[in-house]
Amino acid sequence: DAGVTQSPTHLIKTRGQHVTLRCSPISGHKSVSWYQQVLGQGPQFIFQYYEKEERGRGNFPDRFSARQFPNYSSELNVNALLLGDSALYLCASTAGPGGYQETQYFGPGTRLLVL
Amino acid sequence: DAKTTQPPSMDCAEGRAANLPCNHSTISGNEYVYWYRQIHSQGPQYIIHGLKNNETNEMASLIITEDRKSSTLILPHATLRDTAVYYCIVIPVGTGFQKLVFGTGTRLLVSP
């Protein structure tokens, strides 16, 4: 079975541009979470979506937005890119919203470089 | 969220057991201990989790103290491919929402 998949694997953008990152969860999983990992630090939580509804949001500006589709895949959008948005963006899926013993499984990530 | 404390780095010889400690002295009754690892530039990989009993799977063993204030991840026969950053995370369950709070983790270096 395929794990969590993310696209693209790498991306280069310039300041001020917009970017869309995509994630497909493990088959049967209905929840997707997004994390940002800046070089040298641990991943930081951005969003969690379950059944197309936002369940939680981390301390990120409104330039960051996301949505989840009926097939449970998800997009992360970042507007007005800043140099500091350069990071590895990780997607994780769980079967449910965070109930009993639900484990998050991560994808390989999308590495974004903003010039 | 309960906080965890881990040593920043550890070394282990290939073939020996690697014992990675984690302190979570403020853990609550509904919080599980999860371990993930991250090999350079890859997504975090789930290893194991537990509530209060010791757990074992094909990757590792998890030993949780009786008071649940600390735990140890054991890789019984470390290989070079186990070189990674290991994260100990405490997660409340049953809330309908799950956010992983990653600390700085322990950088494990397995040497020949």
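Quick caveat, the model's predicted, so the values are computed rather than measured.

Enquirer: I keep staring at the layout of surface pockets and nothing clicks. Help me out?
Expert: Empty space among the atoms can be located by rolling a probe the size of a water molecule over them. Its volume calculated, the largest pocket comes out at about 480 Å³. In terms of lining residues, the largest pocket is bounded by 22 residues, among which Gln-37 and Gly-40 of chain A together with Gln-38, Val-85 and Arg-107 of chain B are the most central. Secondary-structure elements contributing two or more residues to the lining of the largest pocket are β8 (84-92) and β9 (106-111) of chain B. Of the residues that constitute the lining of the largest pocket, the class distribution is nine nonpolar, 11 polar and two charged. Approximately 200 Å³ is the volume attributed to the second largest pocket. Around the second largest pocket sit Pro-43, Gln-44, Phe-45, Arg-57, Gly-58, Asn-59 and Phe-60 of chain A together with Phe-97, Lys-99, Leu-100, Val-101 and Phe-102 of chain B, which together line it. For the lining of the second largest pocket, the per-class residue count stands at seven nonpolar, three polar and two charged.

Enquirer: Teacher, can you tell me more about a nonpolar patch on the surface here?
Expert: Together, Ile-12, Leu-113 and Leu-115 of chain A make up a nonpolar patch on the protein surface, roughly 300 Å² of accessible area in all. Within the secondary structure, Ile-12 of chain A sits in strand β2 (residues 10-13).

Enquirer: Help me understand the interface of chain B and chain A in this model?
Expert: Interface size is commonly expressed as the accessible surface area that is lost when the partners come together. Contacts between chain B and chain A engage 21 residues on the former and 27 residues on the latter. Overall, the association of chain B and chain A removes approximately 1,800 Å² of surface from exposure, summing both partners, and the carbon and sulfur fraction of that is 51%. Where chain B packs against chain A, one counts zero salt bridges. Run the count over chain B and chain A and you get six residue pairs in polar contact (both at pLDDT 80 or more). Breaking the side of chain B that touches chain A down by element, the ones donating at least two residues are β3 (31-38) and β4 (45-50) of chain B. Here the side of chain B that touches chain A takes four residues from β3 of chain B, the largest share from any one element. Of the residues assigned to the side of chain B that touches chain A, the class counts are 10 nonpolar, 10 polar and one charged.

Reading the values: the criteria
- Residues numbered from 1 in each chain as written.
- Chains lettered and ligands numbered in written order.
- Predicted model: local features only at pLDDT ≥ 70, side-chain atom pairs only at ≥ 80, totals over all residues.
- Heavy atoms only, no water.
- 1 Å grid on protein atoms, 1.4 Å probe; cavity = no way out; pocket = protein on both sides within 12 Å on 5 of 7 lines; lining within 4 Å.
- Points joined across faces, edges and corners; volume = space filled by probe spheres on them.
- Helix = DSSP H or I, 4+ residues; strand = E, 2+ residues; numbered from the N terminus.
- Nonpolar A, V, L, I, M, F, W, Y, C, P; charged D, E, K, R; others polar.
- Patch = residues over 30% accessible without salt bridge, like charges linked within 9 Å, V, L, I, M, F, W, Y side chains within 5 Å.
- Areas by Shrake-Rupley, 256 points an atom, 1.4 Å probe, with all protein chains shown as cover.
- Salt bridge = Lys/Arg side-chain N within 4 Å of Asp/Glu carboxyl O.
- Contact = heavy atoms within 4.5 Å.
- Buried area = accessible area lost by both parts, 1.4 Å probe.
- Polar contact = N/O pair within 3.5 Å; in protein donor to acceptor, adjacent residues only side chain to side chain.

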